[in-house]
Amino acid sequence: MTSAKRWEWPYWEPITFKDFAALDLPEPTWLIPELIPGDGWTLVVAPPKTGKSIFMAQAAVAATTGEPFLRWGPPPRPLTVLYCQGDAPPKVWHTQIRRIRTLQEAGVSTLRVPLGFLSSELQRTQARAAIARVKPDWIIWDAFEKFLTVQDLNTQQGMALALSTLKSVNGPCPFALIHHPRKGKPGEEDSPKMAASGHHYLTGDATQIISLTKKTVRVEGRLVNDDPAYHFQREDGTGRWFVGPTRPGPRPAQSNDPEDLLNRPLP
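Residues numbered from 1 in each chain as written. Predicted model: local features only at pLDDT ≥ 70, side-chain atom pairs only at ≥ 80, totals over all residues. Heavy atoms only, no water.

### Digging into the overall build of the protein
Moving on, step 1. Of regular secondary structure, the protein possesses 9 helices and 12 strands.
Moving on, step 2. Residues classed as buried in the protein amount to 41% of the 267 residues present.
Moving on, step 3. Only carbon and sulfur atoms are counted for the fraction: they give 55% of the accessible area of the protein, which is about 15800 Å². (Helix = DSSP H or I, 4+ residues; strand = E, 2+ residues; numbered from the N terminus. Buried < 20%, exposed > 50% of the residue type's maximum accessible area, 1.4 Å probe, protein only. Areas by Shrake-Rupley, 256 points an atom, 1.4 Å probe, with all protein chains shown as cover.)

In structure tokens, the structure reads:
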């Protein structure tokens, strides 16, 4: 399948809004419509133990098989996906993959990433070589702070350096970057744009921001309207995300938590 010729907007050539709008340019592309853009990169923000790795692994499977993912439509074509794992220990990641059969049946590749690899020129070279062997259409990096040992992410200079170094390793293909949230104020909910730890340069540079809790997904970006939080279900024992009522089981204890009320199955 050959891709259409990429149109480039030349630097330093003025053009009026009217003439710019009249140009016949291709629409922005999507890897997963309305969720993962085909240009730029996606920031995934989630606290520890909220299922972010499983969520992104399931997204990778949908992109590889060409199937819909939760509420989002199928990709325009099946993709080659590389999942770079630097957060979960190997035995934990192995167990998570084994528990969900659909993750094993898709052609997603995974790569173990050393702690602090962005600070090592040798390991950056090895990462580029591994990516070149897979030739992915989409790369998932899990998780940003584990790739660093030197840069201070609380400064714009440190964040910009860390992100530009990752981009130089990643190459031109779109990528998703999993990142942990900052420590917010108790009782005050962070917006996705302000929730990521470190300097806000990171969220400002991202094309799309996905924020997760244990059962909700919120999407914000340049190409979509600010979506409400979408509520999903999680499978006991595996953490798999799915749409629909919970599977039959013991009746859950009553709770006044709004998220639990929204996800409680109908009687």
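### Regarding the confidence of the model for the protein
Moving on, step 1. With 80% of its residues at a pLDDT of at least 70, the protein reaches an overall mean of 83.
Moving on, step 2. Of the regions scoring below 50 in pLDDT, residues 1-5 engages in 1 contact with residues more than four places distant in sequence or in other chains.
Moving on, step 3. Throughout residues 183-196 the model reports pLDDT below 50, and contacts reaching past four residues in sequence, or to other chains, amount to 25 contacts. (pLDDT = per-residue confidence, 0-100. Contact = heavy atoms within 4.5 Å.)

### Points about the nonpolar core
The nonpolar side chains of soluble globular proteins are, as a tendency, buried together.
Moving on, step 1. Counting 39 residues, the largest nonpolar core has F55, M56, W72, W138, I140, I210 and V217 as the members making the most contacts within it.
Moving on, step 2. Only β1 (30-32), α2 (52-65), β4 (81-85), β6 (138-142), β7 (175-179), β8 (208-212) and β9 (216-221) provide two or more residues apiece to this core.
Moving on, step 3. In terms of residue count, α2 provides more of this core than any other element does, 9 residues in total.
Moving on, step 4. Ranked by size, the runner-up nonpolar core spans 27 residues in total, among them W141, M159, C173 and F175. (Core = buried A, V, L, I, M, F, W, Y, C linked by side-chain atoms within 4.5 Å.)

### Here we look at unusual backbone geometry
Most peptide bonds take the trans form, and the phi angle of most residues other than glycine is negative.
Moving on, step 1. Geometrically, the link from D142 to A143 is a cis peptide bond, its omega value of 5° lying close to zero.
Moving on, step 2. Here A143 lies in the loop between β6 and α6 (156-170).
Moving on, step 3. For E34, which is not glycine, the phi dihedral falls at a positive 70°.
Moving on, step 4. Residue placement: E34 occurs in the loop between β1 and β2 (36-37).
Moving on, step 5. Here the phi dihedral of K135 falls at roughly 55°; this positive angle occurs in a residue that is not glycine.
Moving on, step 6. Structurally, the position occupied by K135 is in the loop between α5 (121-134) and β6.
Moving on, step 7. Using a relative accessible area of 62% as the deciding quantity, one classes K135 as exposed.

### Let's talk about the side chain of H180
Moving on, step 1. By the element assignment, H180 lies in the loop between β7 and α7 (192-195).
Moving on, step 2. Among the residues examined, H180 registers a relative accessible area of 14% and is labelled buried.
Moving on, step 3. In terms of polar contacts, H180 uses its side chain to reach the side chain of K52, at 3.5 Å.
Moving on, step 4. Within the structure, H180 has its side chain in polar contact with the side chain of E145 (distance 2.3 Å). (Polar contact = N/O pair within 3.5 Å; in protein donor to acceptor, adjacent residues only side chain to side chain.)

### Regarding the pairing of β8
Moving on, step 1. Counting buried positions over the 5 residues of β8 gives 5, a clear majority of the element.
Moving on, step 2. Looking at chain direction, β8 and β9 are connected through 5 bridges and run antiparallel. When the sheet's bridge partners are listed, Q208 is paired in β9 with G221.
Moving on, step 3. Where β8 folds back onto β9 in an antiparallel hairpin, the turn is made up of 3 residues. (Pairing = 2+ DSSP bridges.)

### Digging into the pairing of β6
Moving on, step 1. Counted residue by residue, β6 has 5 buried out of 5 residues, so it is predominantly covered.
Moving on, step 2. Of the two faces of β6, both are covered, the one formed by W138, I140 and D142 as well as the one formed by I139 and W141.
Moving on, step 3. Note: β4 against β6, 5 bridges, orientation parallel. Along β6, the bridge assignment pairs L82 with I139.
Moving on, step 4. By the bridge criterion, 4 bridges tie β6 to β7 in an arrangement that is parallel. Among the inter-strand pairings, I139 is bridged to a residue of β7, identified as F175.

### Thoughts on the environment of K135
Moving on, step 1. Considered as a pair, K135 and V81 are 54 residues apart in the sequence and their alpha carbons are 8.6 Å apart.
Moving on, step 2. A polar atom in the side chain of K135 sits 3.4 Å from the backbone oxygen of A132.

### Focus on the environment of D142
Moving on, step 1. By the secondary structure assignment, D142 is in strand β6.
Moving on, step 2. Residue D142 is classed as buried on the basis of its relative accessible area of 0%.
Moving on, step 3. Between the C-alpha atom of D142 and that of C84, which follows or precedes it by 58 residues, the distance is 6.1 Å.
Moving on, step 4. When sequence neighbours within four positions are dropped, the list of residues in contact with D142 reads S53, Y83, C84, Q85, G86, D87, F147 and I178.

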